[in-house]
Amino acid sequence: MLFLFPPSGFSPYKMSQKNIVIIGGGISGLATAYSLEERAKRNGKSLFITILEKNNRVGGSILTERENGFIIEGGPDCFISEKPYALQLCKKLGIGDNLLCTNNEFRKTFVLWKGNLHELPEGVMLMIPTRIVPILKSSLISSIGKLRMAMELLIPKKKSQEDESLSEFVCRRLGKDVLDKIAEPLVAGIHAANPDTMSVKSTFPKFVQMEEEYGSLIRAMIAKKQMMNNSISETTQGYTMFMTLKNGLDELPVTIVKSLKTTNIIKDKEAVRVVKSPSKITTGESIYKILLKDGEGVDADAIVFATPSYETARLLSELDGIMSDQLDKIPYISTATVSLAYKKNAVSHPMNGFGFVVPKPEKRKIMAATWVSRKFSYRVPEDSLLIRCFVGGYYNEDLIFMDDEDMIKMVKGELKDIMGIDADPILARLYRWKKAMPQYTIGHDERLTILNRMLSKEHGLFLTGSAYRGIGISGCINDADLTADAVIKHFYPAQ
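Draft legend 1. Highlighting the sheet that holds strand E8 (residues 109-113). Strand order in the open sheet made by the 7 strands is E9-E8-E19-E20-E21-E18-E22, with mixed pairing throughout. Either end of the sheet is taken by a strand with one partner, and the two such strands are strand E9 (116-119) and strand E22 (427-438). The mean inter-strand angle of the sheet, taken between neighbouring strand axes irrespective of direction, is 25 degrees. Strands E8, strand E19 (355-357), strand E20 (368-371) and E22 of the sheet are contacted by helix H6 (residues 176-191), whose axis makes an angle of about 115 degrees with E8.

As structure tokens, this is what we get:
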């Protein structure tokens, strides 16, 4: 058997060098390598880091395509500034000047209801109303729904500490109208998730905290809004809620790769199994062996799994079947994005916002649509428009397995029905993301507690990524940073 690393006869311990293998070259794996290098340099330590990526590209779901003046995002198109970790990393990498805000003149979101697009009331933040007049004027919420929202101020806080679904939480505090017309479509559009099974504690811990501290979500959000106005964080000052990079979001992983000094990235190498090496070192730490699909192998003193939890489960099935079973309990949902470009003069719809979301009762075949050329500048030629539609999710997952031509035709039909667009697109791009979105279902925190307890017995194994505590790009970057810190402390407890 040929071993990629370390080379024959090499002993890392003679050189006091630690060999860390990161499996997975998405944003979590790349950010972990960056943080490890940063910490090693700061503490004067020697690390050799290897990233194994089974595909021929790194970046994971961050995928940007450029063609004829169009910048098309296949996966995520932005990150949120409220969690400042992506902003901070961009600045560290020297691409802070390329950060791009949303266009405030189009800062509206619409909700499709009974076949018509209704503006989400101004002042609704994370489904919580902070202004009275826009809610009263809204054509989206019924009179009974508005009254029920106002009653939230009088609803006592939950006494039990038990987890509950997002549906239960929203209905209990704000009523079913808000669940059906705001919470469910927003959650489906962002997380592709089912609010009936989604853990509010794991996915929206701030909501739980707001209720606990203020006894009311509306009271909490108004108070926090006032605090934000009085004290704007230096990190997020001047930024909009959604941020991207002027030249495309893939500039982030590309720049990380360029910045890495002691990390070896090996693409087209799929790990199939992790086993305990027969050799042990004198300090009692474990040596692991990563077996690859092509018959090669990699030795490691520590392994960071930056892979989907079901892939990590497969890799660990021989080493620890119980941990593997626990990892397999985290469910995933498949989605697809379809981007269609049109000439401006072929579209009569004003597109006076960032896009729209689609509630489940509408029984449409798309979850949401982003009017990309309105949301961000520098995405299209001057005479064109770009619309990105989301397919799949928890109630239409089977649609992502349609043929390319049929899916694009289906999305064109949806835009014709909803926006009146009858023209043929001048460009169409489809990206499938099979089992790419982890779902934080009820009991997610308990699963993580069990996993952490198991990991504490297997020294040198670490989990990071969106399956655990890293929803969104900023969340993944933060979790990667925490993972790097744990790896350093594993090797150098005194640091």
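There's plenty left to go through after this.
Draft legend 2. Spatial organisation of the confidence of the model for the protein chain. Averaged over all residues, the pLDDT of the protein chain is 91; the fraction at 70 or higher stands at 93%. Within the model, the stretch residues 1-15 combines pLDDT values under 50 with 32 contacts to residues more than four positions away or in other chains.

Draft legend 3. Highlighting the packing of aromatic side chains. Tallied over the full model, the rule gives 7 aromatic pairs. When the centroid spacing of 6.1 Å and the interplanar angle of 5 degrees are considered together, the rings of Phe-169 and Phe-207 count as stacked. Residue Phe-169 is found in helix H5 (residues 166-173), and its partner Phe-207 is found in helix H8 (residues 205-214); the two are separated by 38 residues along the sequence. Neither residue differs from the other here; Phe-169 and Phe-207 are each classed as buried. The positively charged end of Lys-435 is found above the aromatic ring belonging to Tyr-310, 4.1 Å away from the centroid.

Draft legend 4. Inspection of the pattern of salt bridges at higher detail. For the structure shown, the criterion picks out 33 salt bridges. Here Lys-269 makes a salt bridge to Asp-294, at a shortest N to O gap of 2.4 Å. With Lys-269 in the loop between strand E13 (263-266) and strand E14 (271-276) and Asp-294 in the loop between strand E15 (288-292) and strand E16 (297-300), this residue pair connects regions lying 25 residues apart in the sequence. Using a relative accessible area of 16% as the deciding quantity, one classes Lys-269 as buried. Judged by relative accessible area, which is 43%, Asp-294 ranks as partly exposed. Connected via shared salt-bridge partners are Glu-152, Glu-164, Arg-172, Arg-173 and Glu-211.

Criteria and thresholds
- Position labels on residues start from 1 in each chain and follow its written sequence.
- Per-residue local features of the predicted model are confined to residues with pLDDT of at least 70, and side-chain atom pairs are confined, for both listing and counting, to 80 or more; whole-chain, interface and lining totals are unaffected and use all residues.
- The side-chain numbers reported here are obtained from all heavy atoms of the structure, hydrogens and water having been left aside.
- Here a strand pair is declared whenever DSSP counts at least two bridges between the two strands.
- Comment: elements are numbered from the N terminus, with helices defined as DSSP H or I runs of at least four residues and strands as E runs of at least two.
- Axes here mean lines fitted to C-alpha atoms, for a helix over just the part in contact, with angles spanning 0 to 180 degrees between N-to-C directions.
- Contacts between residues were defined by any pair of non-hydrogen atoms, one from each residue, lying within 4.5 Å.
- pLDDT expresses, on a scale from 0 to 100, how confident the predictor is about each individual residue.
- Geometry of aromatic contacts follows a simple scheme: Phe, Tyr and Trp rings, the Trp one being its six-membered ring, pair when their centres are within 6.5 Å, and the pair is stacked under 30 degrees between planes, edge-to-face over 60, tilted otherwise.
- The buried label goes to any residue with under 20% of its type's maximum accessible area, the exposed label to any with over 50%, and the partly exposed label to all in between, with areas taken from a 1.4 Å probe on protein chains only.
- Each ring is checked for a lysine NZ or an arginine CZ that lies within 6 Å of its centre and within 35 degrees of its normal; such an atom marks a charge sitting over the ring.
- The rule for a salt bridge is simple: a side-chain nitrogen of Lys or Arg has to be within 4 Å of a carboxyl oxygen of Asp or Glu.

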